[in-house]
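What follows is each chain in one-letter form.
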Amino acid sequence: MATIDFDNLVLDDIIAEAERQHPDLKVGEVTFRNMLRIGSKDRDRFRKVLAKFSDANDGQDVDALKVYREALTIVADDKDKAEAMFDQVGDNLAVINTLVELYMKRSQVGEASPSQD
């Protein structure tokens, strides 16, 4: 952490520190915005999408690929570029799952996982 002069704080210093502490995840041309740096509506939508895995534990069928793509699209800075990247990945759940894991580590948010039953 850079030394902060608490007697002479300027907003740019605080913004830079927040960006350093809560970085986005960049994959090619797509930036997946950190959970702490998006609006509350998007955070709520993201959580609701991942909550579908809890529904799976209640006996409902969940398409993990679809849920992960939907969640990542919410936090993507450019939805069209994100969709194009997902199209390149296709139905490879291992790649999408890895992307979600990397995003969760970078954002330091709790991870929802599909049931392994």
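Since this is a predicted model, take the numbers as computed values, not measurements.

> Tell me what's going on with the environment of Asn92, and back it up with residues and numbers.
Looking at the element boundaries, Asn92 is found in the loop between helix H5 (79-89) and helix H6 (93-107). Between the alpha carbons of Asn92 and Leu65 there is a distance of 8.1 Å; along the sequence they are 27 residues apart. A polar contact of 3.2 Å, which involves the side chain of Asn92, links it to the backbone nitrogen of Ala94.

> Which residues make up a negative patch on the surface, and what values do they have?
Judged by side-chain charge, Asp5, Asp7, Asp12 and Asp13 come together as a negatively charged surface patch. Here Asp7 shows up in the segment before helix H1 (11-21).

> Would you mind going over the pattern of salt bridges in detail, with residue names and values included?
According to the stated counting rule, one finds 10 salt bridges in the structure shown. Among the ionic pairs, Lys52 bridges to Glu70, the shortest N-O distance being 3.1 Å. On the criterion of sequence distance, the pair formed by Lys52 in helix H3 (residues 52-57) and Glu70 in helix H4 (residues 64-75) is long-range, its members being 18 residues apart. When the shortest N-O distance is used, the salt bridge between Asp87 and Arg69 registers 3.2 Å. Linking Asp87 in helix H5 with Arg69 in helix H4, this pair joins segments that are 18 residues apart in sequence.

Rules behind the numbers
Residues numbered from 1 in each chain as written. Predicted model: local features only at pLDDT ≥ 70, side-chain atom pairs only at ≥ 80, totals over all residues. Heavy atoms only, no water. Helix = DSSP H or I, 4+ residues; strand = E, 2+ residues; numbered from the N terminus. Polar contact = N/O pair within 3.5 Å; in protein donor to acceptor, adjacent residues only side chain to side chain. Patch = residues over 30% accessible without salt bridge, like charges linked within 9 Å, V, L, I, M, F, W, Y side chains within 5 Å. Areas by Shrake-Rupley, 256 points an atom, 1.4 Å probe, with all protein chains shown as cover. Salt bridge = Lys/Arg side-chain N within 4 Å of Asp/Glu carboxyl O. Lys, Arg positive; Asp, Glu negative; His and termini not counted. Charge placed at Lys NZ, Arg CZ, Asp CG, Glu CD.

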